[in-house]
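Read off the chains here:
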Amino acid sequence: MKKIEKIYEGKAKILYTTEDPELLIQYFKDDATAFNAQKRGVISEKGVMNNAIAAKIFEHLKSKGIESHYMQTLNDREMLIKRVAIIPLEIIIRNRAAGSMCRSLGLSEGATLACPTIEYCYKNDGLGDPPINEYYIRALQFATDREVEHITATAFKINELLKKYFLNLKIELIDFKIEFGRINNRIILADEISPDTCRLWEIGTGNKLDKDRFRRDLGNVEEAYQEVLRRVSQ
Ligand code: UDP
């Protein structure tokens, strides 16, 4: 499958059309951004590692009945995906307090949550992905009530599946962000799931194996991604 035309370039990925109008190629870059792109950098070989990690996670979720846009891995930086219309929502699920939840609520990092939480953000870089709620989603016609119900239930299901998946790899899933897309009147998981979009803490040591190492200049960024890749490849 050959790339024909670049149709989208985001912070970490590029999308290309192919000869098949229903399929795209998703290319993973090494570029990293944080704090709404105020901090920029490159994580060497991140694109290669995230392409492989995301593929493993999509394959695992597929085996558990969660459909995604992932079709197949083409090479070290590219995967073939189904073309979907991305719903402009970033869905964030948390199992422990971290990041913006700590900043906005004054919680300490790692604070226990009695149950997982969900947040909906409007996917708009210019506005800094502002948080919205179900009423906004309906009022702005991003999704219908039934679709929001489906997205919410699927996001919590993905959380349960990924918590177990990472636990087996001695990693605790602290939080993550996912996106969904529409295809033939269905809604499926899209974008990527990787250390760029999850907080992953090593069980036992509490070591961060995710983009927080880049955000906070903790060092050993590449090594952390490599470690996640090593474990998901076991
Ligand atoms: N996240 C993401 N993209 C975003 C915002 C958040 O992938 O544009 C992920 C982030 O990596 C973390 C989770 O969503 O795993 C929750 O992020 P948070 O709201 O705490 O924001 P942050 O502290 O990362 O700014």
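This section reports on the structure supplied with the text. (Residues numbered from 1 in each chain as written. Predicted model: local features only at pLDDT ≥ 70, side-chain atom pairs only at ≥ 80, totals over all residues. Heavy atoms only, no water.)

**Focus: helix α1 (residues 46-63)**
Part 1 of the argument: If you check α1, its first and last C-alpha atoms are 25 Å apart, about what 18 residues at 1.5 Å a residue would give, namely 26 Å.
Part 2 of the argument: Counting buried residues along α1, 13 of its 18 residues qualify, which places the element largely inside the surrounding structure.
Part 3 of the argument: Trailing α1 by a residue or two, G65 shows a phi angle of about 90°, which is positive. (Helix = DSSP H or I, 4+ residues; strand = E, 2+ residues; numbered from the N terminus. Expected span 1.5 Å × (residues − 1). Buried < 20%, exposed > 50% of the residue type's maximum accessible area, 1.4 Å probe, protein only.)

**Here's the deal with helix α4 (residues 145-168)**
Part 1 of the argument: Compared with an ideal rise of 1.5 Å per residue, which puts 24 residues at 34 Å, α4 spans 35 Å between its outermost C-alpha atoms and is within 8% of the ideal.
Part 2 of the argument: All of the buried residues along α4 are E147, V148, I151, T152, T154, A155, I158, N159, L161, L162, Y165 and F166.
Part 3 of the argument: One or two positions beyond α4, positive phi appears at K170, with a value near 60°.

**A closer look at the side chain of R199**
Part 1 of the argument: Inspection of the secondary structure assignment puts R199 in strand β14 (residues 198-202).
Part 2 of the argument: Among the polar contacts made by the side chain of R199, one reaches the side chain of D175 at a distance of 2.8 Å.
Part 3 of the argument: Contact partners of R199, with chain neighbours within four places excluded, come to R94, A98, G99, E172, L173, I174, D175, D210, D212 and R215. (Polar contact = N/O pair within 3.5 Å; in protein donor to acceptor, adjacent residues only side chain to side chain. Contact = heavy atoms within 4.5 Å.)

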